[in-house]
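A look at the structure
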Amino acid sequence: MTGEGGIGAFKPSVSGAILILLIALGLASFSGGLMKILTDTMEPALISFFRFLGYFIILFPLALFKHGKKVFRPAYPKVQMLRGCALVLGNTAFIYGVQHVDYANSIAILYIYPFLMISLSVWILNETVSRGTWLGVFGGFAGVILVLRPNIIQMDFNGLFIVFTGLMVALQMLLNRKLGMTSSPLIVAVWGAFVACFISSLFVPFFWNVPSKTELSIIIILSITTALSQTLMIIAMSWASADKVAPFTYFEIPSATLVGFLLFQTLPDFFSWVGIVLIIFSGVLVKLFSGKAQLRLRDKF
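1. As for the overall build of the protein
Check the secondary structure of the protein and you find 13 helices and zero strands. Every one of the 301 residues in the protein was classed for burial, and the buried ones make up 53%. Once local pairs closer than 6 in sequence are excluded, the contacts in the protein between residues at least 24 apart make up 91%. Carbon and sulfur atoms make up 73% of the accessible area of the protein, which amounts to about 14000 Å² in all.

Right, dumping it as structure tokens:
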């Protein structure tokens, strides 16, 4: 990549964006597993702080080396700060929510965000959404329900934390696209990490505890996977419109299944596998329909 344009010698394509998105989601699933492990011994506020601190420490030197003083003069600074706020608020809300809500219920609620992302893209990015895309989104959500089969009857109000997280994720992914088209993804990622780290640091004095060696090792790995997943997510969203990539976010479920097996020794049953197949089919369906959709994009910031 060269300069502020972000793409440089690479030619963006929808297929490339989808592939990058799938890699980012796999890394995000692994990060989620690491955060779940940390909740056994650390407060959510501390987990968020250490995650974004490590994320910033990793990316800032790289961004400074590659882009120099441009790091301190990003495009749309207010939007950069808004994205950072959405990042830390969504992350912290999810950690608090998943402490009190069944994990299956939490993930099912979180997957409201593709609906929100597509709906908000009409307003924020002025994009036209095809009927085939809506069909794929609903198909993907049906697959999620099959995989997770949430127990709605026992849902409590702590699930609102996860709903809020879904809204923050949708907003963040749309801002990824907006910022990724005008700035280097590396600069966008650094600013998100900086703002998230600053906000979360305000709560550290209330929950401070020195991490153990094991916790520190997990935090380092978490920081690396977070830096990679966030940067790749920005690249993917800058290469393709929201309606083309939103249904593919459901691929996080199969990757989360693999993470669950590796970290927690859990495997999906028959209905879960049926749901995973439906998720994949829905993503492919949207890819076919989205090629025929006419998209419009105008600046609103």
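2. Structural notes on the environment of Ser183
Relative to the elements of secondary structure, Ser183 occurs in the loop between α7 (159-180) and α8 (185-201). Taking the C-alpha atoms as reference points, Ser183 and Val71, 112 residues apart in sequence, are found 9.7 Å from one another.

3. As for the confidence of the model for the protein
Detailed reading of the predicted model is not advised wherever pLDDT is low. Within the protein, residue pLDDT values average 78, and 83% of them lie at 70 or more. Per-residue pLDDT stays below 50 along residues 1-9; that stretch engages in 26 contacts with residues further than four places along the chain or on separate chains. Every residue in residues 292-301 scores below 50 in pLDDT, and together they form 29 contacts with partners more than four places removed in sequence or on other chains.

4. What to know about the packing of helix α1 (residues 14-38) against helix α12 (residues 252-264)
Two elements in contact, α1 and α12, have axes separated by 9 Å at closest approach and are oriented at 40°. It follows that α1 is oblique to α12 by the angle criterion. Crossing handedness for the pair α1 and α12: right-handed. In contact with Leu25, Gly26, Ala28, Ser29, Phe30, Gly33, Leu34, Lys36 and Ile37 of α1, α12 contributes Glu252, Ser255, Ala256, Val259, Leu263 and Phe264.

5. Re unusual backbone geometry
Within the chain, Tyr76 stands out as a residue other than glycine whose phi angle is a positive 50°. Its location among the elements puts Tyr76 in the loop between α2 (44-67) and α3 (77-100). The partly exposed category is assigned to Tyr76, whose relative accessible area is 24%.

6. Considering the environment of Phe198
Structurally, Phe198 can be placed in helix α8. Given the relative accessible area of 49%, Phe198 is considered partly exposed. Counting along the chain gives 145 residues from Phe198 to Leu53, while the straight-line C-alpha distance between them is 8.6 Å.

7. Here we look at the packing of α8 against helix α10 (residues 213-239)
Look at α8 against α10: their axes get within 9 Å of each other, and the N-to-C directions meet at 130°. By the angle between their axes, α8 is oblique relative to α10. Like other packed secondary-structure pairs, α8 and α10 cross with a definite hand, here right-handed. Residues Pro185, Val188 and Ala189 of α8 lie in contact with α10, whose contacting residues are Thr231, Ile234 and Ile235. For the contact of α8 with α10, the class distribution of residues is five nonpolar, one polar and no charged.

8. Topic: the nonpolar core
Residues Leu38, Met42, Ile47, Phe50, Phe52, Tyr55 and Leu59 are the most contacted members of the largest nonpolar core, which totals 38 residues. At the level of secondary structure, the elements contributing two or more residues to this core comprise α1, α2, α3, α7, α8 and α10. With 10 residues, α8 is the largest single contributor of residues to this core. The next biggest cluster of nonpolar side chains, apart from the first, holds 37 residues, and it includes Val98, Ile109, Phe251 and Ile279.

9. Remarks on the packing of aromatic side chains
For the coordinates displayed, the defined rule picks out eight aromatic pairs. With 6.3 Å between their ring centres and 40° between their planes, Phe52 and Tyr55 make a pair best called tilted. Linking Phe52 with Tyr55, this pair stays in helix α2, spanning three residues, or about one helical turn. A relative accessible area of 1% means that Phe52 is categorised as buried. Taken together, a centroid distance of 5.9 Å and an interplanar angle of 45° make the contact between Phe56 and Phe194 tilted. You can see Phe56 sitting in helix α2 and its partner Phe194 sitting in helix α8, a full 138 residues away along the chain. In this structure Phe194 comes out as partly exposed when scored by relative accessible area, which is 44%.

10. Considerations on the environment of Ile253
Along the chain, Ile253 falls in helix α12. Overall, the relative accessible area of 4% leaves Ile253 in the buried class. As for Ile253 and Leu25, which are separated by 228 residues in sequence, their C-alpha atoms are 9.1 Å apart.

Thresholds, definitions, all that
Residues numbered from 1 in each chain as written. Predicted model: local features only at pLDDT ≥ 70, side-chain atom pairs only at ≥ 80, totals over all residues. Heavy atoms only, no water. Helix = DSSP H or I, 4+ residues; strand = E, 2+ residues; numbered from the N terminus. Buried < 20%, exposed > 50% of the residue type's maximum accessible area, 1.4 Å probe, protein only. Contact = heavy atoms within 4.5 Å. Areas by Shrake-Rupley, 256 points an atom, 1.4 Å probe, with all protein chains shown as cover. pLDDT = per-residue confidence, 0-100. Axes fitted to C-alpha atoms, helices over the stretch in contact; angles between N-to-C directions. Parallel < 35°, antiparallel > 145°, perpendicular 65-115°, else oblique. Left-handed = near helix turned anticlockwise from the far one by under 90°. Nonpolar A, V, L, I, M, F, W, Y, C, P; charged D, E, K, R; others polar. Core = buried A, V, L, I, M, F, W, Y, C linked by side-chain atoms within 4.5 Å. Phe/Tyr/Trp six-rings, centres within 6.5 Å; stacked < 30°, edge-to-face > 60°.

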